[in-house]
Amino acid sequence: VVQQRVVKEEALLTPMALLGVYLLLRWDAGTPRRERFIWLAAFVTGLGALAKVPGAFFLPPLVLLFFMRGGLRPALIACAGGVLGLLPLLIYGAYVDLDLFFFSTAQQAGGRPAHWNLFPRFFADGLINHNLVGHGHMLFVWLSYALAFGKLDAPRRAVLGLPLIYLAALALSSGNWTFGWYILPMMPFVCLGAGHFIEDLLDRPSFFGGL
């Protein structure tokens, strides 16, 4: 709450990304699997780009998950649903001026100073208006997430690993201008991993886990 300030695009992008994954899980758990969940999952995820353009980075890993879970047909349907979700953004760009839209988007995504060490602030420092907030909390949830990740079964690991592609794409485009709210769409997934670690530690206490 503190890191995202009051009104930021990530406050809308975060529940949309979660909803897309939830609909994927609804489809995967269904007997029979209903295609409407594929369309809805991909459409909502693509639509996230209207909240903030980097939201589109959630779409490729979602399509990959559909491919891993169901093969080529679900992945192609997810591609089509995602394109439909992205379409309003492109229509908006065309209405304003398509060349200007792509130029300004590219400048925003690629015009920031590059830095050799892209990730530390995402893992450790929540930077808000040049003040560091929540250092210990960020370290804890990431370490817990990493420890849980190795113990999860393959389907859960795939779902909780999905936003790492978003993180990499965001880090590459933001250079050394990173702020606390950038990481917000990833935090529910990281906290799910941390929650799994705590639950596992309560059931099977260990010295290393306690440390």
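Scroll up for the structure.
Model, not experiment: these values are computed from the prediction.

About the cut-offs
- Within each chain, residues carry numbers counting from 1 in the order of the written sequence.
- Two thresholds apply to this predicted model, a pLDDT of at least 70 for residue-level local features and 80 or more for giving and counting side-chain atom pairs, whereas whole-chain, interface and lining totals are computed over all residues.
- Excluding hydrogens and water, the side-chain figures rest on all heavy atoms present in the structure.
- Think of it this way: any DSSP run of H or I at least four residues long counts as a helix, any run of E at least two long counts as a strand, and we number them from the N terminus.
- Radius of gyration: over C-alpha atoms. The globule rule applied is 2.2 Å multiplied by the number of residues raised to the 0.38 power.
- What makes two residues a contact is simply this: any of their non-hydrogen atoms within 4.5 Å.
- Under the convention used here, a 1.4 Å probe and the Shrake-Rupley method define accessible areas, while residue burial counts only the protein chains that appear.
- Positive: Lys, Arg. Negative: Asp, Glu. His and the chain ends are not part of the count.
- Throughout, a charge is located at the NZ atom of Lys, the CZ atom of Arg, the CG atom of Asp or the CD atom of Glu.
- By convention in these notes, a salt bridge is any Lys or Arg side-chain nitrogen within 4 Å of a carboxyl oxygen on Asp or Glu.
- Only protein chains enter the area calculation, which uses a 1.4 Å probe; residues under 20% of their type maximum are buried, those over 50% are exposed, and those in between are partly exposed.
- For a helix, the expected span equals 1.5 Å multiplied by the number of residues minus one.
- To define a nonpolar core, start from buried Ala, Val, Leu, Ile, Met, Phe, Trp, Tyr and Cys residues and group those joined through side-chain atoms within 4.5 Å.

Enquirer: What am I meant to see in the overall build of the chain here?
Expert: Check the secondary structure of the chain and you find eleven helices and two strands. Beginning at the N terminus, the succession of helices and strands in the chain can be written as α-α-α-α-α-α-β-β-α-α-α-α-α. Its C-alpha radius of gyration of 18 Å places the chain within 12% of the 17 Å reference for a compact globule of 211 residues. The dimensions of the chain, computed from C-alpha atoms along their principal axes, are 60 × 50 × 30 Å. Within the chain, contacts between residues at least 6 apart in sequence are counted, and of these 71% link residues at least 24 apart. Split by element, the accessible area of the chain, about 11,700 Å² in all, is 70% carbon and sulfur. Of the charged side chains in the chain, 15 are positive and 11 negative, and the gap between their average positions amounts to 4 Å.

Enquirer: In this structure, what is going on with the pattern of salt bridges? I would like to understand it.
Expert: Opposite charge on two side chains allows them to pair when their charged atoms are near. According to the stated counting rule, one finds eight salt bridges in the structure shown. For the salt bridge of Lys52 with Glu10, the shortest nitrogen-to-oxygen distance reads 2.5 Å. Linking Lys52 in the loop between α2 (35-51) and α3 (59-70) with Glu10 in helix α1 (residues 10-29), this pair joins segments that are 42 residues apart in sequence. In terms of burial, Lys52 and Glu10 fall into one category: buried. Among the ionic pairs, Asp28 bridges to Arg69, the shortest N-O distance being 2.4 Å. Taken together, the residues span a long stretch of sequence, with Asp28 in helix α1 and Arg69 in helix α3 at a distance of 41 residues.

Enquirer: How should helix α10 (residues 187-203) be read in this particular structure?
Expert: Because the α-helix completes a turn every 3.6 residues, residues three or four places apart line up on one side. A rise of 1.5 Å per residue sets the reference length of α10, with its 17 residues, at 24 Å; its end C-alpha atoms lie 24 Å apart and thus fit the reference within 8%. Listing the buried residues of α10 in full gives Met187, Phe189, Val190, Gly193, Ala194, Phe197 and Asp200. Next to the buried residues of α10 lie α1, α7 (135-149), α8 (154-161), α9 (163-174) and α11 (207-210).

Enquirer: Hey, could you run me through unusual backbone geometry in this one?
Expert: Glycine aside, a negative phi is what most residues show, and trans is what most peptide bonds show. Note the cis peptide between Thr31 and Pro32, where omega equals 0 degrees. The residue Pro32 is located in the loop between α1 and α2 in this model.

Enquirer: Got a minute to help me understand the nonpolar core in this structure?
Expert: For soluble globular proteins, the rule of thumb is that nonpolar side chains tend to be buried together. Counting 45 residues, the largest nonpolar core has Phe66, Phe122, Trp142, Ile183, Met186 and Val190 as the members making the most contacts within it. Within the residue set of this core, elements represented by two or more residues are α1, α2, α3, α4 (72-96), α7, α8, α9 and α10. Of the residues forming this core, the biggest block, seven residues, is contributed by α1. The residues touching Val190, leaving out its near neighbours within four places in the chain, are Val141, Trp142 and Tyr145.

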